[in-house]
Amino acid sequence: PIKATMKFTAAFCILATGASAFGLQTPAKAAVRAAAKAPFMPAKQAKAPMVQPIDIDGTALQASASAGSSDALKTRGGALDALKSVDTPLLLYFIFWYVGNYYYNITNKLALKAAGGSAGFPMTISSLQLAVGCIYAIFLWVAPDARKAPSVTMDDIIKMLPVAFCFMGAHSASVFALSAGAVSFGQIVKAAEPAFAAVISQFLYGKKVSKAKWLCLPIVIGGVILASVKELDFAVSALISACIANLFAAFKGNENKKLMETEGLKDRMGSVGNQFALTTILGTLMSIPLVIAKEGAKWGEFVEIFKTNPIVSANLIASGLWFYGYNELATMTLKKTGAVTQSVANTAKRVIVIVGVAIVLGESLDPIKLLGCAIGIGGVLLYSTIDTLLAKKDE
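What this report covers is the structure whose coordinates are included nearby. Within each chain, residue numbers correspond to sequence positions counted from 1 in written order. Whole-chain, interface and lining totals are the exception, using all residues; otherwise, since this is a predicted model, local features are given only for residues with pLDDT of at least 70 and side-chain atom pairs are given and counted only at 80 or more. To obtain the side-chain values, all non-hydrogen atoms of the structure were included, while hydrogens and water were left out.

A tally of regular secondary structure across the protein chain gives 16 helices and 0 strands. The cut-offs for exposure are 20% and 50% of the maximum accessible area for each residue type, with area from a 1.4 Å probe on protein chains only; residues under the lower value are buried, those over the upper are exposed, and the others partly exposed. The 395 residues of the protein chain split such that 44% are buried. When the accessible surface of the protein chain is summed, it comes to about 20,800 Å², and 68% of that surface belongs to carbon and sulfur atoms. By definition, any uninterrupted DSSP run of H or I lasting at least four residues is a helix, any uninterrupted run of E lasting at least two residues is a strand, and each is numbered from the N terminus. Surface accessibility in these figures is a Shrake-Rupley result with a 1.4 Å probe; residues are shielded only by whichever protein chains are displayed.

This is the structure in structure tokens:
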């Protein structure tokens with residue numbers, strides 16, 4: 001199973017590299033480039049034959065056959081045009097994003113359990129996962145024709161520190177939550193992130209949240225509470241850690257908006273991929289003091305486990321690659337879609353992860369827990385789309 005996991009992870013990284021680093025051509029762009037490269041051929045006027053076969057009623061047989069062939073080609077061409085109109089790159093982004101998120105949760109949980117769970121090395125594992133992403137990001141910069149390195153200034157790096165710190169905090173808290181309790185429970189609590197984002201945006205960043213969105217929050221919170229009632233693997237530490245992760249994620253979203261308002265920063269970064277790479281590198285460096293403070297005394301023990309237990313080493317490396325890959329692809333996917341599509345996509349992703357991972361890892365799927373999950377995630381979807389739906393109704 002470990003070898004299969006590593007092979008699949010390697011395949012994902014190769015495909016993700018092709019999608020994110022080198023870019024995927026849309027059908028329209030591909031057609032334009034193909035047309036540009038095609039040699040110029042002057043049109044030749046077709047000459048009709050001197051003698052044409054006719055039917056008993058005098059109709060030209062060749063003409064009717066040609067008409068039938070033309071209709072058939074039009075029908076066939078219409079189907080081909082419909083297939084060509086599909087945004088293949090966007091479809092692949094969605095697939096890789098979902099697959100990456102799903103396998104990250106599985107490999108992350110396996111590594112945490114094998115290393116001792118919440119009493120083991122969750123902070124060390126979370127930091128090393130980010131470090132794996134750093135190596136991958138640097139590789140893309142060094143590899144020929146892969147990705148151009150950013151040309152940011154020291155002032156840009158300083159402005160990125162709040163975003164990187166929140167990114168690191170959200171990841172570390174999430175990993176600890178998943179080490180202390182079931183993955184499905186952690187994901188349900190993390191689905192309540194909009195509640196934290198609403199409070200922080202309204203009261204700390206002065207960004208008004210509509211009344212309709214405020215009315216959706218009790219649905220989200222109620223769903224999380226209902227799911228917690230029948231959680232067999234319930235742990236207060238998992239609940240608190242997941243809430244802390246939501247808090248960091250909410251701050252990160254607001255700080256990232258402020259960061260991207262910096263004049264010329266987008267041009268200096270070059271791409272969304274570079275932005276995520278820089279955030280990951282800075283977040284990794286910031287996580288080191290946390291690891292030393294919490295688990296530094298046990299570093300020798302972790303090194304020994306990493307060397308002797310392939311479940312820990314293989315799944316740690318795999319989870320680091322999955323985490324980096326799916327996050328980068330998620331950013332690219334959301335950038336290419338509208339607000340409603342983003343909300344539906346995020347909702348669908350959580351459902352797939354919660355149910356799929358619970359089945360694979362043998363976690364509880366009590367009917368009350370599933371009902372709470374459905375109410376909570378449904379509330380998140382409503383929260384994300386309510387303003388758009390009301391705006392359309394007013395029109």
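Following the structure, the description resumes.
Let us now look at a nonpolar patch on the surface. Note that patches include only residues with greater than 30% relative accessible area and no salt bridge, and the join distances are 9 Å for like charges and 5 Å for nonpolar side chains (Val, Leu, Ile, Met, Phe, Trp, Tyr). When a carboxyl oxygen of Asp or Glu lies within 4 Å of a side-chain nitrogen of Lys or Arg, that pair is called a salt bridge. Taken together, the side chains of Ile219, Ile368, Leu371, Ile375, Leu382 and Leu389 define a hydrophobic patch exposed on the protein surface, amounting to about 440 Å² of accessible area. Among the elements that line the nonpolar patch, the one with the most residues is helix 16 (residues 367-394), at 5 residues. By the element assignment, Leu382 lies in helix 16.

Counting through the fold element by element, Leu365 comes out in the loop between helix 15 (339-361) and helix 16. Separated by 180 residues in sequence, Leu365 and Phe185 place their C-alpha atoms 9.9 Å apart. With residues up to four places along the chain from it excluded, the contact list for Leu365 reads Ala358, Ile359 and Leu370. In this description, contact between two residues means that some pair of their heavy atoms is separated by no more than 4.5 Å.

It is worth spelling out the environment of Val99 at this point. For Val99, the location among the structural elements is in helix 4 (residues 88-114). Take Val99: its relative accessible area is 27%, and that puts it in the partly exposed class. Each C-alpha atom of the pair Val99 and Lys349 lies 9.3 Å from the other, and the pair is 250 residues apart in sequence.

Bringing helix 5 (residues 122-142) into the picture now. Residue count minus one, scaled by 1.5 Å, sets the expected span of a helix. For helix 5, with 21 residues, the first-to-last C-alpha span of 31 Å sits near the 30 Å given by 1.5 Å per residue. Across the 21 residues of helix 5, 15 count as buried, placing the element largely inside the fold.

Residue placement: Thr124 occurs in helix 5. Its relative accessible area of 2% is what places Thr124 among the buried residues. Every residue in contact with Thr124, bar those within four places of it in the chain, is listed here: Val291, Glu295, Trp299 and Phe302.

Turning next to the packing of aromatic side chains. Ring pairs shown here join Phe, Tyr and Trp side chains whose ring centres sit within 6.5 Å, with only the six-membered ring taken for Trp; geometry is labelled stacked below 30 degrees between planes, edge-to-face above 60, and tilted in between. For the coordinates displayed, the defined rule picks out 18 aromatic pairs. Relative to Trp214, the ring of Phe203 lies with its centre 6.3 Å away and its plane at 50°, an arrangement referred to as tilted. Remark: Trp214 occurs in helix 9 (residues 211-229) and Phe203 occurs in helix 8 (residues 193-203); sequence separation between them is 11 residues. By the ring-pair criterion, three or more aromatic residues cluster together here, those being Tyr104, Tyr136, Phe167, Phe276, Phe323, Tyr324 and Tyr326. Lysine and arginine charges are scored as sitting over a ring when NZ or CZ, respectively, is within 6 Å of the ring centre and within 35 degrees of the ring normal. One residue, Lys213, lies across the ring of Tyr383, its end atom 4.9 Å from the ring centre. Lys298 extends its terminal NZ or CZ atom over the ring of Phe121, reaching a point 4.9 Å from the ring centre.

What follows covers unusual backbone geometry. Of note, Asp145 is a non-glycine position whose phi angle comes to about 60°, a positive value. Within the secondary structure layout, Asp145 lies in the loop between helix 5 and helix 6 (154-180).

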